[in-house]
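Below are the chains, spelled out letter by letter.
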Amino acid sequence: MSKAVRYRRFGGPEVLEVREVPEPHAAPDEIRVRVTAAGLNPMDWQISTQPDMAARFGIRLPAGFGSDFAGVVDEVGAEATGFAAGDRVYGAAIGRSVADFVLVKTADLWHTPDGVGDEVAATLPVSGLTAAAALAAIGLRAGDTVLIGGAAGGVGIFAVQLAKLAGARVLGTASERTFGFLRGLGAEPVAYGPGLADRVRALAPEGISAATDLFGRETAETALKLGVAPERISVVADGPAPPPGVRKAGALDAAPGTLERIADAIHAGGITVPIAATFPVEQIREAVTTQAERHVHGKIVIAL
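What you are looking at is a predicted structure, and each value in this text was computed from that prediction instead of being measured. (Residues numbered from 1 in each chain as written. Predicted model: local features only at pLDDT ≥ 70, side-chain atom pairs only at ≥ 80, totals over all residues. Heavy atoms only, no water.)

## Things to note about the overall build of the protein
Now for step 1: Scanning the protein for helices and strands turns up 10 helices and 16 strands.
Now for step 2: For the protein, whose C-alpha radius of gyration is 19 Å, the value lies close to the compact-globule estimate of 19 Å for 304 residues.
Now for step 3: C-alpha atoms of the protein, sized along the principal axes, occupy 60 × 40 × 35 Å.
Now for step 4: Buried positions account for 52% of the 304 residues belonging to the protein.
Now for step 5: Considering only contacts within the protein whose residues lie at least 6 apart along the sequence, 64% involve residues at least 24 apart.
Now for step 6: As presented, the protein carries roughly 12,700 Å² of accessible surface, and 54% of it is formed by carbon and sulfur atoms.
Now for step 7: Of note, the protein has its 28 positive side-chain charges centred 5 Å away from the centre of its 34 negative side-chain charges. (Helix = DSSP H or I, 4+ residues; strand = E, 2+ residues; numbered from the N terminus. Rg over C-alpha atoms; globule rule 2.2 N^0.38 Å. Buried < 20%, exposed > 50% of the residue type's maximum accessible area, 1.4 Å probe, protein only. Contact = heavy atoms within 4.5 Å. Areas by Shrake-Rupley, 256 points an atom, 1.4 Å probe, with all protein chains shown as cover. Lys, Arg positive; Asp, Glu negative; His and termini not counted. Charge placed at Lys NZ, Arg CZ, Asp CG, Glu CD.)

## So, helix α8 (residues 218-225)
Now for step 1: Among all positions of α8, only Thr219, Ala220, Thr222 and Ala223 are buried. In an axial view of α8, the angular spread of the buried residues amounts to 165°, which keeps them on one side of the axis.
Now for step 2: Immediately downstream of α8, the backbone of Gly227 shows phi near 95°, a positive value. (Arc of directions from axis to C-beta.)

## Quick notes on the sheet that holds strand β1 (residues 2-7)
Now for step 1: With respect to topology, 3 strands assemble into an open sheet ordered β2-β1-β4, the strand pairing being antiparallel. The open sheet has two free edges, formed respectively by β2 (17-21) and β4 (63-64), since each of these has just one partner strand.
Now for step 2: With 2 bridges connecting them, β1 and β4 associate as antiparallel partners. Along β4, the bridge assignment pairs Tyr7 with Ala63. (Pairing = 2+ DSSP bridges.)

## Let's talk about the sheet that holds strand β13 (residues 233-236)
Each strand in a sheet pairs with another by means of backbone hydrogen bonds, the pair being arranged parallel or else antiparallel.
Now for step 1: As summarised here, the arrangement of the 6 strands in space is β11-β10-β9-β12-β13-β14, forming an open sheet in which the pairing is parallel. Whereas interior strands pair on both sides, the edge strands pair on one side only; in this sheet they are β11 (188-191) and β14 (247-249). Averaged over neighbouring strand pairs, the angle between their axes works out to 25° when direction is ignored.
Now for step 2: Bridge count between strand β9 (residues 145-149) and strand β10 (residues 169-174): 4 bridges; the pairing is parallel. When the sheet's bridge partners are listed, Ile148 is paired in β10 with Gly172.
Now for step 3: Where helix α7 (residues 196-203) meets the sheet, it contacts β9, β10 and β11, and its direction lies at approximately 150° from that of β11.
Now for step 4: Where α8 meets the sheet, it contacts β9, β10, β12 (210-213) and β13, and its direction lies at approximately 160° from that of β12. (Axes fitted to C-alpha atoms, helices over the stretch in contact; angles between N-to-C directions.)

## Some points on the side chain of Thr219
Now for step 1: Position of Thr219 relative to the elements: it lies in helix α8.
Now for step 2: If near-sequence neighbours (up to four positions away) are discounted, Thr219 is found in contact with Leu147, Gly149, Thr173, Ala211, Thr212 and Asp213.

## Topic: the pattern of salt bridges
Now for step 1: A full pass over the atoms with the stated rule returns 14 salt bridges.
Now for step 2: For Lys105, the salt bridge identified is with Glu30, shortest N-O distance 3.9 Å. Of this pair, Lys105 sits in the loop between β7 (101-104) and β8 (109-111) while Glu30 sits in the loop between β2 and β3 (31-39), and the two are 75 residues apart along the sequence.
Now for step 3: Exposure remark for Glu30: the relative accessible area of 16% places this residue in the buried category. (Salt bridge = Lys/Arg side-chain N within 4 Å of Asp/Glu carboxyl O.)

## Here we look at the pairing of β10
Now for step 1: Within β10, 5 of the 6 residues are buried, which leaves it mostly tucked inside the rest of the structure.
Now for step 2: This β-α-β element, β9 to helix α5 (residues 156-165) to β10, shows right-handed connectivity. (Right-handed = clockwise from strand over helix to strand, strands pointing away.)

The values reported here are purely geometric and, on their own, carry no functional implication.
Written out as structure tokens, the structure reads:
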């Protein structure tokens, strides 16, 4: 037997349980990973809360929990190639990652570079791919002044740093208590809420040239008001419909090789991944509650 976080009904953190489950084994085309860390994303608790969202990902009750993970390969199917027992890896397994073992296809698995710890690697797939796709959708380039909405969130920390690496000036919306944190990542913070357009004009009187909205639609609407062309504005795929012409982007839209480039940048010191807190799996409810409150600066990781 092995441990896994499961839930038998939709709801808040109280529905999550650490349960004994049969130990899974790899099919011929699968890899089994002994999970050491699982990074949490808002989509994880949104799936366990919202039946409609769960259905979009093909998740039915009873269900597992989590998406991102890192660990060590310990079983390789006869038809699976590119990985061997003992390899350090990270990947994505939507609705299944917070468990002792996870079974994945090779397309959903990446080698963890030396020098990148499992806690950091476990934060990369969903947030890193989403951030890169959101910036690619607006054709971000050196010399741009880009407004990033939700810059202090789990996706935002990657978007800010990827934009800086691309040579852009970054303005990031956030609450004032996160301003110091954002400055440390290289962004110029601006408070969200009523009057955002005026505050952006004061910070960048020459104007902004692009924007991506990682939380809600306030930033996208503000960018339009400031004269940014719709095709140079993106929003994350989940959420309300964007204004006409504004582009939607999600993790599945990221270009091949994106995660390898992000991991290499982390290894080289070009990107920092702040770990706000690490919880043992037995405290999964506390971990999800902490993340859902959206007051943490950085990523939350479950240790297994």
